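If you want the building blocks of each chain, they are given just below.
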Amino acid sequence: MNTYLTDEELALHLDRNPIFHLIGDAADGLGLEAYVVGGYVRDIFLERPSKDIDVVVVAPQGHPQDAPGIAVAKALVNHLKSEHRKAWLSVFRNFGTAQVKTSLTPQEGEDEEAFTEVEFVGARRESYSHDSRKPIVEDGTLEDDLDRRDLTINALAICLNRDSYGQLIDRFDGLDDMEDGLIRTPLDPDITFSDDPLRMMRAIRFATQLNFQIDEETFAALERNRERISIISRERVIDELNKIMMAPHPSKGFVELSRCGLLTLIFPELAAMEGVETVNGRAHKDNFYHTLEVLENVVRAGAPLYLRWAALLHDIGKPRSKRWEPGVGWTFHNHNFIGEKMVPAIFRNLKLPLDDRMKYVQKLVSLHMRPIVIADEEVTDSAVRRLLFEAGEDIDDLMTLCEADITSKNREKKQRFLDNFRLVREKLKDLQERDNYRTWTNPVTGEEIMETFHLKPCREVGELKQAIKDAIWESRIPNTHQAAREFMMEEARRRGIIVN
Ligand code: CTP
């Protein structure tokens with residue numbers, strides 16, 4: 001992060017992309033003011049790669065320009081085309097906005113496919129009605145426009161007009177907040193959040209991505225306004241949730257969501273994991289915090305999005321399976337299968353995809369205890385083969401999840417698990433090298449059995465096939481057709497099945 005850039009340094013930074021001067025010139029030509037705003041400016045100071053550029057255009061008082069954002073976008077495109085640049089203009093007249101896409105980029109010539117995209121919008125003053133996200137929009141000043149933004153760190157603007165090129169406008173001490181690592185709304189947070197409740201999710205998302213603290217007053221407003229999240233579409237909520245998931249430490253976001261009460265509203269199944277119950281002085285662990293630890297562990301192992309989801313959901317069946325059994329203690333029997341069954345409804349409610357990605361999460365939730373059970377007992381060939389067979393190509397992810405699940409505070413116990421776990425991994429590698437069990441098929445088919453013994457489809461055929469499979473998986477015979485056939489003949493004789 002570098003919050004000490006002077007206006008001259010900012011101007012130099014902008015100069016990396018020639019588009020900014022061209023936008024300033026287009027605005028100057030029309031007597032309008034243009035400012036780059038929002039995420040692009042924030043990311044300059046955070047030294048993150050900047051993405052799409054948002055420009056606010058202001059008509060000075062008394063200037064007759066209608067839809068000033070569109071006017072500057074058009075002037076810019078005309079200029080680019082006069083210089084034989086590729087440029088595309090999309091106008092959204094109803095919103096007074098326009099988008100320009102051009103081949104003009106910071107690193108010219110390096111990447112044929114690189115484009116710069118700029119959104120233009122007139123400065124707006126918005127007011128919202130209580131039960132809708134649709135604002136009543138009027139033309140406004142730059143100040144009006146910045147006032148109605150979500151967070152102080154997102155309410156920064158840099159002037160692009162030639163006379164003041166590079167001048168920073170920071171009405172709400174956004175730079176100080178950035179330095180202090182503080183998430184705060186520009187206006188009274190009750191107004192900011194009530195105007196657009198998605199901003200509650202954004203506040204937590206930015207706090208998570210940037211590892212910032214949420215200012216006390218802003219946080220109190222999250223608690224007060226949380227019910228308003230109901231007017232936000234679930235697609236937008238899951239967008240934010242996925243961004244939290246992909247942050248370097250997603251658990252922070254879930255702790256904040258829980259702390260302000262949003263979690264129960266958007267993801268009740270996860271919220272239900274929180275808390276500890278005690279019977280006869282015996283407490284079970286808090287499954288919410290355990291889950292977050294597991295999530296952090298898979299993140300450390302470099303997990304992509306849906307492996308992170310599998311970690312978040314691996315114990316989701318625990319609240320429903322929880323029992324106190326006298327003489328035994330707390331049990332969570334079948335929580336993995338209950339969890340597996342809960343996944344589709346959770347994905348549907350959250351608007352996550354209901355395709356192979358969901359099936360992958362279900363599979364990992366269902367199998368997440370298997371490697372540890374194997375590691376806890378004697379690590380036999382057949383158990384590892386069975387696991388390989390069921391997990392298929394997701395075996396490595398399953399192992400990552402399962403290892404992440406070992407969060408015991410008892411050092412010795414943890415070490416014992418990890419040692420056994422290493423053994424499971426070695427055996428897996430060994431077996432995978434010896435025979436490809438991911439795509440294993442029985443060398444003897446049911447048809448061959450029926451033909452050899454002149455049988456119709458019946459129980460004996462299935463049993464013989466199973467016996468062959470067990471013999472191979474338990475390494476009693478090699479995984480070849482010849483060995484399997486010899487074993488089949490012997491086994492048939494033993495079972496009194498005669499070739500007639
Ligand atoms: N903004 C806002 N309220 C919202 C969404 C956006 O005030 N609900 C404002 C913020 O000033 C934000 C800008 O619009 O910086 C652009 O929004 P967007 O492109 O959605 O997000 P970025 O801040 O650029 O960040 P990201 O791309 O990570 O979402």
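For clarity, every value in this text was computed on a predicted model and none was experimentally measured.

(A) View of the packing of aromatic side chains. With the rule as written, the count across this model stands at six aromatic pairs. An angle of 70 degrees between the planes, with centres 5.3 Å apart, marks the rings of Trp324 and Trp330 as edge-to-face. Ring pairs connect the aromatic residues Phe267, Trp309 and Phe347, which therefore count as one cluster. Of note, Lys322 hangs over the ring of Trp330, and the distance from its end group to the ring centre comes to 5.2 Å.

(B) Broad picture of the site of the ligand. What surrounds the ligand is a group of 14 residues, the closest being Arg42, Lys51, Asp150, Asp196 and Arg205. In the complex, the protein chains occlude 76% of the 560 Å² of accessible area that the ligand would expose alone. Considering every element that reaches the shell around the ligand, the biggest residue donor is helix H8 (residues 198–210), with four residues. Within the shell around the ligand, the residues separate by chemical class into one nonpolar, three polar and ten charged.

(C) Molecular detail of the packing of helix H17 (residues 335–350) against helix H18 (residues 356–367). Running from N to C, H17 and H18 point in directions that differ by 160 degrees, and their axes come no closer than 8 Å. When the interaxial angle is binned, H17 and H18 end up roughly antiparallel. For the crossing formed where H17 meets H18, the hand is right-handed. Residues Asn336, Phe337, Gly339, Glu340, Val343, Pro344 and Phe347 of H17 form the contact with H18, whose own contacting residues are Met358, Val361, Gln362, Val365 and Ser366.

(D) The environment of Ala123, seen in detail. Turning to its location among the elements, Ala123 is positioned in the loop between strand S5 (116–122) and strand S6 (124–128). A relative accessible area of 4% means that Ala123 is categorised as buried.

(E) Examining the pattern of salt bridges more closely. All told, the structure shown has 27 salt bridges when counted by the stated rule. Among the salt bridges present, the one from Arg162 reaches Asp25, with a minimum N-O distance of 3.1 Å. Of the two residues, Arg162 sits in the loop between strand S8 (156–159) and strand S9 (168–170) while Asp25 sits in helix H2 (residues 19–30), which places them 137 residues apart along the sequence. Since its relative accessible area comes to 32%, Asp25 is described here as partly exposed. A salt bridge links Asp190 to Arg224, with the shortest nitrogen-to-oxygen separation between them at 3.1 Å.

(F) How the structure looks around the side chain of Asn154. For Asn154, the location among the structural elements is in the loop between helix H5 (142–147) and S8. Classification of Asn154 as buried rests on a relative accessible area of 3%. A distance of 3.1 Å separates a polar atom in the side chain of Asn154 from a polar atom in the side chain of Asp150. In contact with Asn154, other than residues within four places in its own chain, are Gly38, Arg42, Arg149, Arg202 and Phe206.

(G) Up close: the domain arrangement of the chain. According to the domain assignment, the chain consists of domain 1 (7–178), domain 2 (181–266) and domain 3 (446–494). Once you take the C-alpha centre of each, domain 1 and domain 2 turn out to be 26 Å apart. The partner domain 2 presents 22 residues to the 23 residues of domain 1 that form the contact. Taken together, domain 1 and domain 2 are joined by two salt bridges. The salt bridge partner of Asp150 is Arg202, with a shortest N-O separation of 2.6 Å.

Reading guide: rules and limits
Residues numbered from 1 in each chain as written. Predicted model: local features only at pLDDT ≥ 70, side-chain atom pairs only at ≥ 80, totals over all residues. Heavy atoms only, no water. Phe/Tyr/Trp six-rings, centres within 6.5 Å; stacked < 30°, edge-to-face > 60°. Lys NZ or Arg CZ within 6 Å of the ring centre and 35° of its normal. Near = heavy atom within 4 Å. Areas by Shrake-Rupley, 256 points an atom, 1.4 Å probe, with all protein chains shown as cover. Helix = DSSP H or I, 4+ residues; strand = E, 2+ residues; numbered from the N terminus. Nonpolar A, V, L, I, M, F, W, Y, C, P; charged D, E, K, R; others polar. Axes fitted to C-alpha atoms, helices over the stretch in contact; angles between N-to-C directions. Parallel < 35°, antiparallel > 145°, perpendicular 65-115°, else oblique. Left-handed = near helix turned anticlockwise from the far one by under 90°. Contact = heavy atoms within 4.5 Å. Buried < 20%, exposed > 50% of the residue type's maximum accessible area, 1.4 Å probe, protein only. Salt bridge = Lys/Arg side-chain N within 4 Å of Asp/Glu carboxyl O. Polar contact = N/O pair within 3.5 Å; in protein donor to acceptor, adjacent residues only side chain to side chain. Domains from an automatic or database assignment.

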